[in-house]
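# Tertiary structure, described
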Amino acid sequence: MNKGLIITYYGNGKGKTTAALGVALRAVGYDLKVCMIQFIKGEWDYGEIYSSNRLKPNFELIIAGKGFVGILDDDHDINEHVVSAKAALDLAKEKIDSLQYDTVILDEINYALKLKLIEEHELISILQAKPPEVNIILTGNYLTDQILNNSDLVTEMREVKHPFKKGIRAKKGIDF
Ligand code: ATP
Ligand code: MG
C-alpha cells in the first residue's frame, strides 16, 4: 500500500506537466507534500510559479533550468545548460532522499535526457535507490527503455489536435 510509484508522462501531445500538477493538487488536498523541480523552462513565467505560493508549505516549486535549449531565446552556452541540469539532478536526489516530500516531480527531465544534459544512468540510479514510499513523476516527450522498465505507470500524451496548428498561440492559464 505504501509503495511509492514512478510515474512517467511522455508523448507529443499536450498535458504532461498539467497531469503532474493535477497529481500535486490532489496530493495537497490530503496535506501531502510535493516538490516540483523544473529542468528546462527556467527563464519563463508559469502560472504554477504563483500557485506554489498559494499552496505553501505543501507544494514547493524549484526552477532549476536555464530556459529552452538551442531554440527561441536561448543565449546560453550548452555547457551552462549541462551544469544547471546536473545541479538540478543533484537537487532532485537530495529532495527525494530527504523524506520531506511524498511526491517529487521532475518536470521536463525527459527532455534534459534527450538533449544529453544529464546522464541516463545517473537518473536511473536515483530512481532505483529512492526511499520506497516516495512517488516520483517524470515528464517530457522522450521515453527510453530503461525509464519504461523502471516506471510503474507510463502514459503517452498523444497529439490528436492542438490549437498551435491553427496558429493559436500559447494561452495564459492553459499553456503557462
Ligand atoms: P503542458 O505544460 O501544457 O501540460 P506538456 O508538458 O505536455 O504541456 P511540453 O512539451 O512541456 O508539453 O510543452 C509545453 C508547451 O508546449 C505548452 O504550452 C503546450 O501547450 C505546448 N505543446 C504541447 N504539446 C504540443 C504540440 N503537440 N504542439 C504544439 N504545442 C504543444
Ligand atoms: Mg511540460
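First, a word on what this report is: a plain description of the structure on this page.

Quick notes on the rules
Sequence positions are assigned chain by chain, starting from 1 and proceeding in written order. Ligands are numbered from 1 and chains lettered from A, in the order in which they are written. A pLDDT threshold of at least 70 governs which residues receive local features in this predicted model, and a stricter bar of 80 or more applies before side-chain atom pairs are shown or counted, although totals over entire chains, interfaces and linings include all residues. Each side-chain value is derived from all of the structure's non-hydrogen atoms; neither hydrogens nor water enter the calculation. The numbering of helices and of strands both runs from the N terminus, where a helix is a DSSP run of H or I of at least 4 residues and a strand a run of E of at least 2. Within these notes, the globule rule equals 2.2 Å times the number of residues to the 0.38 power, and the radius of gyration is based on C-alpha atoms. In these notes, residues near a molecule or strand are those with any non-hydrogen atom within 4 Å of it. Here a polar contact means two N or O atoms within 3.5 Å. Within protein one must be a hydrogen donor candidate and the other an acceptor candidate, and residues neighboring in sequence count only if both atoms are side-chain atoms. Accessible areas in this description were obtained via Shrake-Rupley with a 1.4 Å probe; residue shielding takes into account the shown protein chains only. Classification convention: Asp, Glu, Lys, Arg as charged; Ala, Val, Leu, Ile, Met, Phe, Trp, Tyr, Cys, Pro as nonpolar; all other residues, Gly among them, as polar. We call two residues contacting when some pair of their heavy atoms lies within 4.5 Å. To define a nonpolar core, start from buried Ala, Val, Leu, Ile, Met, Phe, Trp, Tyr and Cys residues and group those joined through side-chain atoms within 4.5 Å. Working definition: with a 1.4 Å probe on protein chains only, accessible area under 20% of the residue-type maximum means buried, over 50% means exposed, and in between means partly exposed.

### Some thoughts on the overall build of the chain
- When helices and strands are counted, the chain shows six helices and six strands.
- Helices and strands in the chain line up, N terminus first, as β-α-β-α-β-α-β-α-α-β-α-β.
- Here the C-alpha radius of gyration of the chain, 16 Å, is about what a compact globule of 176 residues would show, namely 16 Å.
- Projected onto the principal axes, the alpha-carbon positions of the chain cover approximately 45 × 35 × 30 Å.

### Description of the site of ligand 1
- Taken together, 13 residues sit near ligand 1, with K14, T18, Y111, E159 and D175 positioned nearest.
- One of the backbone nitrogen or oxygen atoms of G13 is found 3.4 Å away from an oxygen atom of ligand 1.
- Side-chain polar atom of H162 to an oxygen atom of ligand 1: 3.3 Å apart, as the coordinates give it.
- The protein chains hide 80% of the 570 Å² of surface that ligand 1 would expose on its own.
- Considering every element that reaches the shell around ligand 1, the biggest residue donor is helix α1 (residues 16–29), with three residues.
- Here the residues of the shell around ligand 1 sort into two nonpolar, six polar and five charged.

### Observations regarding the side chain of T103
- Topologically, T103 is positioned in strand β4 (residues 103–107).
- Those residues within four positions of T103 in sequence are excluded, and the remaining contacts are K33, V34, C35, N135 and I137.

### Side note on the nonpolar core
- Counting 28 residues, the largest nonpolar core has I37, F39, L106, I109, L123 and L138 as its most contacted members.
- Broken down by secondary-structure element, the contributors of at least two residues to this core are β2 (34–38), α3 (78–98), β4, α4 (109–114), α5 (120–128) and β5 (135–139).
- Here this core gets five residues from one element, more than from any other, and that element is α3.
- In contact with L106, other than residues within four places in its own chain, are I37, F39, A92, L123, I136, I137, L138 and T139.
- In this structure, A27, V34, M36 and I49 belong to the second largest nonpolar core, which totals 15 residues.

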